[in-house]
Amino acid sequence: MSDARRATADDATGIPPALETAWRRLQGLPREDRMAAIAHQARKLEPVPERFREADPARHVVPECNTRVLLFAECTDGRMHYWAAVDTRQSPTVAAVCALTFAALNDQPPAVTLAVPSAFASRMMAALGLSAREQGIAALLVRCQRLARAALESSLQPHPIP
């Protein structure tokens with residue numbers, strides 16, 4: 001395993017250390033503090049770049065989410081970058097999960113996204129007491145992985161990934 005790969009994902013879990021640390025920190029907070037931290041994280045969700053504003057929403061929607069989420073990705077120089085269009089006021093939990101997840105996956109090789117285990121969403125959402133959001137968050141991760149796989153298979157860079 002390369003040093004770059006080792007620095008970006010835990011060998012045992014496939015979860016990038018920054019993501020694991022953020023989730024553990026949230027999990028350890030009392031419920032009221034956790035909800036405040038989630039609201040704070042939601043405000044950190046990076047806005048979708050203007051170049052994606054005209055994209056067909058049907059190609060980017062994550063239908064399994066109860067909240068309307070549009071997922072966008074781009075691969076530049078072998079590094080993934082994800083954005084989500086989410087109403088942060090209506091759905092701060094979803095926005096916070098996106099912000100935390102993307103903070104760990106952005107600017108990493110596609111292999112980092114692909115290494116995150118499918119059970120990650122259910123384990124973390126249950127640990128946070130937010131199991132009702134598990135299905136949508138799991139679907140979001142699957143979409144990120146599908147986009148990372150598409151980036152690996154494509155030779156065009158930089159490029160938005162449908």
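Above this note sits the structure.
Let us look at the structure shown here. Just so it is clear, the model here is predicted, and its values are computed rather than measured.

Details of helix α7 (residues 134–153)
- When the terminal C-alpha atoms of α7 are compared, their 29 Å separation across 20 residues agrees well with the 28 Å that a helix rising 1.5 Å per residue should span.
- What α7 keeps buried is the set Gly136, Ile137, Ala139, Leu140, Leu141, Arg143, Cys144, Gln145, Leu147, Ala148 and Ala151.

Here's the deal with the environment of Arg59
- Residue position: Arg59 is located in the loop between α3 (31–42) and β1 (70–76).
- According to the relative accessible area criterion, Arg59 is exposed, its value standing at 52%.
- Separated by twelve residues in the primary sequence, Arg59 and Leu71 place their C-alpha atoms 8.9 Å from one another.

Considerations on the nonpolar core
- With 45 residues, the main nonpolar core has Trp23, Val69, Tyr82, Val86, Cys98, Phe102 and Phe120 as its most contacted residues.
- Going through the elements one at a time, α2 (17–27), α3, β1, β2 (79–85), α4 (92–105), α6 (120–127) and α7 are the ones with two or more residues in this core.
- Element by element, the count of residues in this core is highest for α4, at ten residues.
- With near-sequence residues (within four places) excluded, Trp23 lies in contact with Val97, Phe120, Met124, Met125 and Leu128.

Comments concerning the pattern of salt bridges
- The full count for this structure, using the stated rule, is four salt bridges.
- Note that Arg24 is salt-bridged to Glu20, the shortest N-O span being 2.9 Å. With Arg24 and Glu20 both in helix α2 and four residues apart, this pair spans about one turn of that helix.
- Since its relative accessible area comes to 53%, Arg24 is described here as exposed.
- Arg143 is paired through a salt bridge with Glu64; the nearest N and O atoms lie 4.0 Å apart. In this pair, Arg143 sits in helix α7 while Glu64 sits in the loop between α3 and β1, placing the two residues 79 residues apart along the sequence.

What counts and what doesn't
- Residues numbered from 1 in each chain as written.
- Predicted model: local features only at pLDDT ≥ 70, side-chain atom pairs only at ≥ 80, totals over all residues.
- Heavy atoms only, no water.
- Helix = DSSP H or I, 4+ residues; strand = E, 2+ residues; numbered from the N terminus.
- Expected span 1.5 Å × (residues − 1).
- Buried < 20%, exposed > 50% of the residue type's maximum accessible area, 1.4 Å probe, protein only.
- Core = buried A, V, L, I, M, F, W, Y, C linked by side-chain atoms within 4.5 Å.
- Contact = heavy atoms within 4.5 Å.
- Salt bridge = Lys/Arg side-chain N within 4 Å of Asp/Glu carboxyl O.

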